[in-house]
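Summary of the model geometry
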Amino acid sequence: LDCWILKSIVVVSNYSVPVNPERWFLFFLFQYTVWNFVPKNLFEQFRRIANFYFLIIFLVQLMIDTPTSPVTSGLPLFFVITVTAIKQGYEDWLRHKADNEVNGAPVFVVRSGSLVQTRSKNIRVGDIVRVAKDETFPADLVLLSSDRPDGTCHITTASLDGETNLKTHYSVPETSVCQSVSQLEALQAVVECQQPEADLYRPLGPENLLLRGARLKNTKEIFGLAVYTGMESKMALNYKCKSQKRSAVEKSMNTFLIIYLIILLSEAILSTILKYAWQAETKWDEPFYNQKTERNAFLLICFYFLAFLVLYNFIIPISLYVTVEMQKFLGSFFIGWDLDLYHEESDQKAQVNTSDLNEELGQVEYVFTDKTGTLTENEMQFRECSINGTKYREVNGKLIPEGMTDDSPDGSMPPLMGDELLFLKAVSLCHTVQISYDQSDCLAVGGDPFSHANGFSSSPMEYYASSPDEKALVEKGLRTLVVACRHFSPEEYIDVDKKLNSARTALQQREERLQEAFSYIEKDLQLLGATGVEDKLQDKVQETIEALRLAGIKVWVLTGDKHETAVTVSLSCGHFHRTMNILELLQQHSDNECAEQLLTLSRRLRDDHVIQHALVVDGASLSLALREHEKLFMEVCKNCSAVLCCRMAPLQKAKVVRLLKTSPEKPITLAIGDGANDVSMIQEAHVGIGIMGKEGRQAVRNSDYAIARFKFLAKLLLVHGHFYYIRIATLVQYFFYKNVCFITPQFLYQFFCLFSQQTLYDSVYLTLYNICFTSLPILVYSLFEQLVHPHVLQNKPGLYRDISKNSLLSFRTFLYWTVLGFCHAFVFFFGSYILMGEDTTLMGNGQMFGNWTFGTLVFTVMVITVTLKLALETHFWTWMNHFVTWGSIAFYFIFSLFYGGIIWPFLHTQDMYFVFVQLLSSGSAWFAIIIIVITCLFPDVLKKVLYRHLQPTSTQTSQVMRGGGMLLVYYQIYVNNSEKLFLWNEQNGKRAECFPVVKRVCQALDLIHIPTCVRKKGNYISCYLKRAWREEIN
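Predicted model, so just to flag it, every value in this text is computed and none were measured.

A look at the environment of Pro138
As for its placement among the helices and strands, Pro138 is situated in the loop between strand S4 (128–132) and strand S5 (140–146). Sequence separation between Pro138 and Arg215 is 77 residues; the distance between their C-alpha atoms is 9.7 Å.

Some thoughts on the UniProt feature "binding site: Mg(2+)" (unreviewed entry) in the protein chain
According to UniProt, the positions carrying the feature "binding site: Mg(2+)" (unreviewed entry) are Asp370, Thr372, Asp674 and Asp678. Taken together, the annotated residues stretch across 309 residues yet fold into one region, lying no more than 10.8 Å apart by C-alpha. On the secondary structure map, Asp674 appears in the loop between strand S25 (669–673) and helix H22 (679–684). As for its placement among the helices and strands, Asp678 is situated in the loop between S25 and H22. Beyond its immediate sequence surroundings of up to four residues, Asp678 is in contact with Asp370, Lys653 and Gly673.

Focus on the pairing of S5
Judged by how many residues are buried, S5 sits mostly within the fold: seven of seven residues are covered. Examined bridge by bridge, S5 and strand S11 (residues 221–228) share six bridges and lie antiparallel to one another. If you follow Leu143 over to S11, its bridge partner there is Gly224. Where S5 lies against strand S9 (residues 209–210), two bridges are found, and the strand directions are antiparallel. Across the sheet, the residue bridging to Leu141 is Leu210, located in S9.

What to know about unusual backbone geometry
Of note in this structure, Asp134 is not a glycine but carries a positive phi near 70°. If you trace the backbone, Asp134 turns up in the loop between S4 and S5. With relative accessibility at 35%, the residue Asp134 sits in the partly exposed group. Of note, the phi angle at Lys666 is positive, near 50°, even though the residue is not glycine. Relative to the assigned elements, Lys666 resides in the loop between helix H21 (650–661) and S25.

What counts as what
- Residues numbered from 1 in each chain as written.
- Predicted model: local features only at pLDDT ≥ 70, side-chain atom pairs only at ≥ 80, totals over all residues.
- Heavy atoms only, no water.
- Helix = DSSP H or I, 4+ residues; strand = E, 2+ residues; numbered from the N terminus.
- UniProt positions renumbered as here; feature names shortened; annotations may be inferred.
- Contact = heavy atoms within 4.5 Å.
- Buried < 20%, exposed > 50% of the residue type's maximum accessible area, 1.4 Å probe, protein only.
- Pairing = 2+ DSSP bridges.

Shown next as structure tokens:
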């Protein structure tokens, strides 16, 4: 065998030489095993600050005498850790399942003179493996032989680099004759090869290496020698975990968490100081249960500080994280279920690869998009060609010279001669297209398999090419771009062939030597002609880009195409407008030249600030601009309405995205593409979207979301992004609000109990407040809430601006919710104290109003108020919202009745026995509950009404337009052609058949001629037609 480099030795024999048993195939992408799951998962979870904080609180409760039971912190922590562990364990189980499918795939290897079936994980280095047509290579194999006489085979590497063309690989000349098992069994050889490396484009031999993950095509079977297996294969070495992306909401949430941690520490320090200050007064004759402390004992100070820390620790919402994770996980299914994101032609629906970035879809400020296959169909159509100065066009499958028509009879066209024939010969030979056909069918009838290529068979043929333009042109017998030739004498050809083969087999500086060989060959060329193709735009690209522009999102096109083509497509798709002033930064050769041009562009932007500008920059100029003039370049780009970067390398695309992402404004970026060359850009952006196109699945696999067409991006951002953001923003703010309401009365209570650390609430209530009593309403809200109808969001892209720049999680909004929580907490505590504190005969049976009764009253008012507060924030009510909202309040009352009405034998103490029953038996208590709840919520209702009428946002205006008098015409067209017209009232969700007079009014208003959404259901088609009824009547 050919020798490549003396670093790793592979022995091909009957295993007379032992093979390292550790170099087996086993391939894995999982994170955990059965043995390390618990410790490793716990370590990962306690790296999160909130979980570690609650672990410390739990340990403090175990070590010292704290006012609350360790269960109050331990149980919520256990719940959060368990739910998260189950979620991560399930995801890792899916990875294990995928790994087992790969490692357990059946393969055939040559052993003991015969083909033996085994599992792919049992392949060892040195095994000879047989691979059949359409099978995937289970390891990196050196091609020994194939069923073809010339020892070649064709493979596709779409799963590796996204290229769908067929690549030709060659067997080692010395082994290409070994086509039987007996010959291969007798083979004695040693392969010297390189150490495993990740570079896909530096194989150990001249196109001898078949990479794991590639697929055999157009070849019946091959035999290959396993040289790299398992995690040493190039595919495994190229596997890279995507960097963890964090959304703006998560960053805001961590900031709020730190602020609340400061509030917690402040309350604990203040309580500790006041405890000592209070006890310093000689007038206080302390009761036995609150003995005076030793003022100079440092350990006692720490002890009391930790005790207060435990008492107030519930201000940090531990269940926030698990609720957010559940909301993201469950909410991500709505994207896949959306029929508007389903592409019927390709039978592809939108898919979510990561649910951690759902809300980021509502914060995008810049969209970076590829051109070919993303904005265009990636389906080239041949238009015309030029041969020796004569223009030809394709008409009905024929090549017609300019000036002639196709209506002449067959045979009347002038014959192709000289340069024309040489042109067609060049495009017929110089391409990578392979024709796929079923050899078995052809040979079964005694035919020649090559007759397909000659056009004698009527069977359909399938073409494989490195690009759609090449495939389209070869099907026509043409080729794209410029066609030229060079004549060699036999002696020159032999010399060129030797140079090229020597460069291909070089172990050192292979790329440089190949470049030298190609430069020597490609000179003194004779121009034969050129071809022209057209790439059709995808459907509704122009409307989508315009909608994004109206939403305040800037679109940048990053493409590898040449300047003229890229500008033409930008104009046709609406990225550039005809009225725009197009600025150019092209063909810059030095830093000084680039700086001067940038300064000129900057001055033009300042002078002509009235009109819109577009910038075109090429890859070479971009490299110079980013080297020394990054700030000036970004200033020019940001002042332009649209930017087009052409002749871009994949890494340059990622560099542009990173440049904008790390700018001082820190805008949220989105990258969208369909090919392997877009992967780096997709991974670099805050949100990466893959298009399920024709250039493999590499972009889809490395993206956060995948859609079938570019037009679906509008609904993904304007509707789903809007919904996800408002839902999770309200969820985060509401969680902090309800925990402030929960713990502040506990802090206020200390002023009335000499800071003795007496709890206001029972331990069970402390534990279940966030887990049971208030958890479901906010979870359901965060899954179904809709501020505005989806159709309005799509038809009014400007509403996207209302939520831009993380506006719903700004510090001002956070401060509003926090202050509101403190205000409500003060009303809960002092309202209950004022109304009930002096009523010693509250119960009606002479019993005094006790400590636990007071705490239960405060807790009851709090549960009702925070639940109704969320109900006030809800705009889109479903049966599930009603069920969890009123059900949570009912559950609290039912649970409290059972908890306090029965003596539970497993509880050591039961301070709440009959407390809740006695509380509800008092009319004064019911009066206090109603008064306090109304007092809390009435100002909030008044504020909403005043703001909606005096300073409404565009979103609120859209809500008013669709509320009350808004009616939809619901028009059903049945299969039997019978028609019924209905009115649909969105306010009450009821449908009623129109009276004839109403039908005539609708027709007079031309309502039934404006279809906005068409859906097929069962045996009829429903068209939703919308107009503002009140507006039309006026």
